[in-house]
Amino acid sequence: MDPDPAPSTKARAVFALGLVGFLTGAFVGGVIPATIALLLARQAAREAFTAKGYLTGSVWIRRGRRLAWAGIVLAITALVVASIAGLLHLASTPSGPDFAPGTD
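Everything quoted here is computed from the prediction, not taken from an experiment.

Conventions we followed
- Residues numbered from 1 in each chain as written.
- Predicted model: local features only at pLDDT ≥ 70, side-chain atom pairs only at ≥ 80, totals over all residues.
- Heavy atoms only, no water.
- Axes fitted to C-alpha atoms, helices over the stretch in contact; angles between N-to-C directions.
- Helix = DSSP H or I, 4+ residues; strand = E, 2+ residues; numbered from the N terminus.
- Parallel < 35°, antiparallel > 145°, perpendicular 65-115°, else oblique.
- Left-handed = near helix turned anticlockwise from the far one by under 90°.
- Contact = heavy atoms within 4.5 Å.
- Phe/Tyr/Trp six-rings, centres within 6.5 Å; stacked < 30°, edge-to-face > 60°.
- Buried < 20%, exposed > 50% of the residue type's maximum accessible area, 1.4 Å probe, protein only.
- Lys NZ or Arg CZ within 6 Å of the ring centre and 35° of its normal.
- Polar contact = N/O pair within 3.5 Å; in protein donor to acceptor, adjacent residues only side chain to side chain.
- Salt bridge = Lys/Arg side-chain N within 4 Å of Asp/Glu carboxyl O.
- Core = buried A, V, L, I, M, F, W, Y, C linked by side-chain atoms within 4.5 Å.

Two numbers describe how helix 1 (residues 9-23) lies on helix 3 (residues 58-92): the axes approach to 7 Å, and their chain directions differ by 20 degrees. Our classification of the angle between helix 1 and helix 3 gives roughly parallel. Helix 1 and helix 3 meet at a crossing whose hand is left-handed. Taking contact as the criterion, the partners of Ala11, Arg12, Val14, Phe15, Gly18, Leu19, Gly21 and Phe22 in helix 1 are, on helix 3, Trp60, Ile61, Arg63, Gly64, Arg65, Leu67, Ala68, Ala70, Gly71 and Leu74.

See below:
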């Protein structure tokens, strides 16, 4: 009289949020869905563990978690590249007052 295994709806949501986080990670906007995916993955994995094998979807949770972390890494990389480009732009501009030619 064991129950039939049921798919976890949170597992699909983790994957979808992780995918959105990965696809928009380079634009820094992917941090929010990736963070939500990681929080939801923790809940889904805990529920799957307490269900003792009757709640399926652990593969989707793992994939979503990996995509979410990849999205966060892409966002961090984009921030580092943007800050280096900004520093290089600031370094190339001349400092000090700009006088007209012929002024002593």
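Here the narrative resumes, following the displayed structure.
Bringing the packing of aromatic side chains into the picture now. Following the criterion strictly, the structure yields one aromatic pair and no others. The interplanar angle of 75 degrees and the centroid separation of 4.8 Å between the aromatic rings of Phe15 and Trp60 together place this pair among those described as edge-to-face. Of the two residues, Phe15 is situated in helix 1 and Trp60 in helix 3; the sequence distance between them amounts to 45 residues. Overall, the relative accessible area of 22% leaves Phe15 in the partly exposed class. Taking relative accessible area as the criterion, Trp60 reaches 25% and is therefore assigned partly exposed. Directly above the ring of Trp60 sits Arg63, whose terminal nitrogen or CZ lies 5.3 Å from the centroid.

To continue, consider the side chain of Ser8. Topologically, Ser8 is positioned in the loop between strand 1 (6-7) and helix 1. In this structure Ser8 comes out as buried when scored by relative accessible area, which is 10%. A distance of 3.4 Å separates the side chain of Ser8 from the backbone nitrogen of Ala11, its partner in a polar contact. Filtering out sequence-adjacent residues up to four positions away, Ser8 remains in contact with Leu55 and Thr56.

This next bit is on the pattern of salt bridges. Going through the model one piece at a time under the given rule, you end up with one salt bridge. A salt bridge links Glu47 to Lys10; the nearest nitrogen and oxygen atoms lie 2.9 Å apart. Highlighted residues: Glu47 in helix 2 (residues 31-50) and Lys10 in helix 1, separated in sequence by 37 residues. Relative accessible area serves as the criterion here: at 24%, Lys10 is assigned to the partly exposed category.

Counting residues in each nonpolar core, the largest one holds six residues, listed as Ala11, Val14, Leu40, Ala41, Ala44 and Ile61. Those elements that place two or more of their residues in this core are helix 1 and helix 2. With three residues, helix 2 is the single largest residue contributor to this core. Excluding residues within four positions of it along the chain, Ile61 makes contact with Ala11, Val14, Ala41, Ala44 and Ala45. Counting residues in each nonpolar core, the second largest holds five residues, with Ala34, Ala37, Ala68 and Ile72 among its members.

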